[in-house]
Amino acid sequence: DPKIIQKPKYLVAVTGSEKILICEQYLGHNAMYWYRQSAKKPLEFMFSYSYQKLMDNQTASSRFQPQSSKKNHLDLQITALKPDDSATYFCASSQDAGSSYEQYFGPGTRLTVL
Amino acid sequence: GDSVTQTEGPVTLSEGTSLTVNCSYETKQYPTLFWYVQYPGEGPQLLFKVPKANEKGSNRGFEATYNKEATSFHLQKASVQESDSAVYYCALSEPSGSWQLIFGSGTQLTVMP
C-alpha cells in the first residue's frame, strides 16, 4: 500500500483559478514538506512543517499556502494560478525535522496551467 | 548560498560497464549527504545517506564516500544494469534551519542492453 498519497495525479487548471493539492502520509512521521520540480529547475524546496507548525517557507509568493488539518496531512493551496506554476509538486515526509532524517517522497501531482 | 553540482547528463552506458556520477557541494556548515533515484512518473527514492565525513554509503551496488576535504560525494557502481536507468540526484541537508533538501540538477542515466 502506498505510504504517501498525493491527489490528484494530474491536474489541469486555467490561469487565474485556484487549486488544492492533497497530501497524506501513513508513515507516522512528524515532519512534512513540499517540493516543486519543473522543466527549468531541479527539485526545489517550498515548505517544511514539523508537528503541524510551519518551519520554513522558501516560496517567494503568498499565492502558495500550505494547510495542515491533521498531523499526517499537508495540503497545498495555490491561488491565482499562472502558466509558470506548471510543474510536478511532490510531498515528502520524515520521522522528525533534522538533517539526518531521511525524507520520503510521494508520487507527485503534475499541474498544468493553461 | 548552499549548492550541489553534479555530472551533466545524459549519460549512456552499456550493461556491465562501470558508472561514476560526480557530485560536489558548497556549504558553510557540516551537511548530511544523500543520493536519490527517480524513475519516470514517480517521486525521488532514497538510495542512501551519509551523515559523517569519511564514511561510505551504499545500496543496491551503488556507493559513495563523503569527502569533506574535496567537498565531493561521487556515486559509483561497478557494473550497471538496464534496470538502473533513471535520474540520479545528489542532495544535501544542513544541520540547522529548515532541514530542506538541496538537490543537484540530476543526471539522466540510460543503460543499454
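Values in this document were obtained by computation on a predicted structure and should not be read as measured data. (Residues numbered from 1 in each chain as written. Chains lettered and ligands numbered in written order. Predicted model: local features only at pLDDT ≥ 70, side-chain atom pairs only at ≥ 80, totals over all residues. Heavy atoms only, no water.)

Visitor: Please explain the interface of chain A and chain B as it appears in this structure.
Guide: Many authors give the size of an interface as the accessible area that is lost as the parts come together. Taken together, the contact pairs 22 residues of chain A with 21 residues of chain B. The junction of chain A with chain B conceals about 1700 Å² of combined surface from both sides, 58% of it contributed by carbon and sulfur atoms. The largest share of the area that chain A buries against chain B comes from L43, S99 and F105 of chain A, three residues that together contribute 31% of it. Across the contact surface, chain A and chain B share 1 salt bridge. Run the count over chain A and chain B and you get 7 residue pairs in polar contact (both at pLDDT 80 or more). Of all elements in the fold, only β4 (31–37), β5 (44–50) and β6 (53–57) of chain A reach the threshold of two or more residues within the side of chain A that touches chain B. Sorting elements by how many residues they give to the side of chain A that touches chain B places β4 of chain A first, with 3 residues. (Contact = heavy atoms within 4.5 Å. Buried area = accessible area lost by both parts, 1.4 Å probe. Salt bridge = Lys/Arg side-chain N within 4 Å of Asp/Glu carboxyl O. Polar contact = N/O pair within 3.5 Å; in protein donor to acceptor, adjacent residues only side chain to side chain. Helix = DSSP H or I, 4+ residues; strand = E, 2+ residues; numbered from the N terminus.)

Visitor: How should I be thinking about the pairing of strand β8 (residues 75–78) of chain A in this particular structure?
Guide: Remark: a regular strand shows side chains that alternate across the two faces of the sheet. Residues and elements named next belong to chain A. Here β8 shows no split at all, with D75 and Q77 on one side and L76 and I78 on the other all buried. As judged from the 3 bridges shared by strand β3 (residues 19–25) and β8, these two strands associate in the antiparallel manner. Bridge pairing in β8 links L21 to L76. By the bridge criterion, 4 bridges tie strand β7 (residues 64–67) to β8 in an arrangement that is antiparallel. Along β8, the bridge assignment pairs P66 with L76. (Buried < 20%, exposed > 50% of the residue type's maximum accessible area, 1.4 Å probe, protein only. Pairing = 2+ DSSP bridges.)

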